[in-house]
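Topology and contacts: notes
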Amino acid sequence: MCGGFRLPRATRLWLVQVDRKCRDANLRVRCRVLLEVHHGKSAHAAARAIGCAPSTASRIVARFRAHGEASVFDPGR
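Residues numbered from 1 in each chain as written. Predicted model: local features only at pLDDT ≥ 70, side-chain atom pairs only at ≥ 80, totals over all residues. Heavy atoms only, no water.

1. Let's talk about the overall build of the protein chain
Summing up its helical and strand segments, the protein chain has five helices and zero strands in all. Here the C-alpha atoms of the protein chain give a radius of gyration of 11 Å, agreeing with the 11 Å that 2.2 N^0.38 yields for 77 residues. Over its C-alpha atoms, taken along the principal directions, the protein chain stretches across nearly 25 × 25 × 25 Å. Here the protein chain holds 77 residues, and 34% of them are scored as buried. Counting contacts in the protein chain only where the partners sit at least 6 residues apart, residues at least 24 apart contribute 57% of the total. For the protein chain, the centre of its 15 positive side-chain charges and the centre of its 5 negative side-chain charges are spaced 4 Å apart. (Helix = DSSP H or I, 4+ residues; strand = E, 2+ residues; numbered from the N terminus. Rg over C-alpha atoms; globule rule 2.2 N^0.38 Å. Buried < 20%, exposed > 50% of the residue type's maximum accessible area, 1.4 Å probe, protein only. Contact = heavy atoms within 4.5 Å. Lys, Arg positive; Asp, Glu negative; His and termini not counted. Charge placed at Lys NZ, Arg CZ, Asp CG, Glu CD.)

This is how it looks when you write it as structure tokens:
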């Protein structure tokens with residue numbers, strides 16, 4: 001369901017910047033999952049590398065595909 005995808009360069013650099021500067025741990029997890037999937041990992045492998053639940057990573061990727069960059073800040077709760 002949630003295979004890899006390619007992020008545009010501007011989006012990738014924006015995610016790296018948000019990851020570095022943000023204090024919110026949940027936001028950093030969302031950025032890191034998206035960056036790991038961009039680098040070719042599956043959502044499950046990205047979750048293992050970061051230390052979150054695989055279902056969380058799958059939801060992050062699916063939400064990003066559906067809503068784009070806005071889904072990084074609004075986790076859809």
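That was the structure; now back to the text.
2. A look at the environment of Arg6
Tracing the backbone shows Arg6 in the segment before α1 (9-21). Once the C-alpha coordinates of Arg6 and Gly40 are considered, the two residues, 34 residues apart in sequence, prove to be 8.6 Å apart. A distance of 3.1 Å separates a polar side-chain atom of Arg6 from the backbone oxygen of His38. (Polar contact = N/O pair within 3.5 Å; in protein donor to acceptor, adjacent residues only side chain to side chain.)

3. A word on the state of the cysteines
Taken as a whole and judged by the stated rule, the model has zero disulfides. Here Cys22 is not disulfide-linked; the sulfur of Cys31 is the nearest cysteine sulfur, at 7.2 Å. Overall, Cys31 belongs to the buried group, its relative accessible area being 0%. (Disulfide = S-S within 2.5 Å.)

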